Amino acid sequence: MNCLSYEFLESCIDKNSNNENIKHIAIFDIDSTIMNTAPRNMKILEELSEEIPSLKPALSGVTEDDLGWNIVSIIEKKVDVSLKLKDKILAFWKER
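Anyway, here's the lowdown on the structure attached to this text.

What counts and how
- By convention here, each chain's residues receive numbers from 1 onward along its written sequence.
- In keeping with the model being predicted, local features are shown solely for residues with a pLDDT of at least 70 and side-chain atom pairs are shown and tallied solely at 80 or more, while totals for entire chains, interfaces and linings include all residues.
- Hydrogens are left out, water is left out, and the side-chain values use all remaining heavy atoms of the structure.
- In this description a helix means any DSSP run of H or I spanning at least four residues, a strand means any run of E spanning at least two, and both kinds are numbered starting from the N terminus.
- In this setup the radius of gyration rests on C-alpha atoms only. A globule is expected at 2.2 Å times the number of residues raised to 0.38.
- Burial here depends on accessible area, computed with a 1.4 Å probe over protein chains only, as a share of the maximum for the residue type. Under 20% is buried, over 50% is exposed, and the range in between is partly exposed.
- In this description, contact between two residues means that some pair of their heavy atoms is separated by no more than 4.5 Å.
- The charged-residue count follows a simple rule in which Lys and Arg add positive charge and Asp and Glu add negative charge, with His and chain termini not counted at all.
- A charged residue contributes its charge at one atom only: NZ of Lys, CZ of Arg, CG of Asp or CD of Glu.

Some details on the overall build of the chain
Counting its regular elements, the chain contains five helices and zero strands. Listed N to C, the secondary structure of the chain is α-α-α-α-α in terms of helices and strands. Here the chain has a C-alpha radius of gyration of 17 Å; the compact-globule value for 96 residues is 12 Å, and the former is much larger. With the C-alpha coordinates of the chain rotated into their principal frame, the extents come out at 55 × 25 × 20 Å. Taking all 96 residues of the chain together, 24% fall into the buried category. The long-range fraction of contacts in the chain, counting pairs at least 24 apart against all pairs at least 6 apart in sequence, stands at 53%. Each charge class in the chain can be summarised by its mean position, and for the 12 positive and 17 negative side chains these summaries are 4 Å apart.

Quick word on the side chain of Ser49
Note on placement: Ser49 falls in helix α2 (residues 38-51). Here Ser49 falls in the buried class, since its relative accessible area comes to 9%. With sequence-adjacent residues up to four places away left out, Ser49 is seen in contact with Lys56 and Leu59.

Quick look at the environment of Pro57
Considering the arrangement of structural elements, one finds Pro57 in helix α3 (residues 56-59). Assessed through its relative accessible area of 61%, Pro57 is described here as exposed. Along the backbone, Pro57 and Lys78 are 21 residues apart, and their C-alpha atoms lie at a distance of 9.2 Å.

Laid out in structure tokens, this is it:
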């Protein structure tokens with residue numbers, strides 16, 4: 001998954017640490033920490049099952065309670081996910 005890396009975050013802090021107008025920097029992990037992403041991810045999974053019909057049976061019983069921040073992990077619990085399929089799922093999710 002193409003997430004923010006430690007190096008990226010460190011460079012943001014370094015770049016702004018010498019700025020006299022910035023006294024503090026706060027970094028929040030929003031997904032499933034301070035915001036419930038399950039409804040959004042559920043909608044994406046519903047769209048995904050239309051885009052990739054072979055996933056429909058595996059996703060048919062999934063509820064919002066089953067979801068975390070990573071939609072791939074719930075799919076991997078239900079079916080074998082190739083690297084190619086994983087990349088396709090992540091690209092689909094990223095577009096939304």
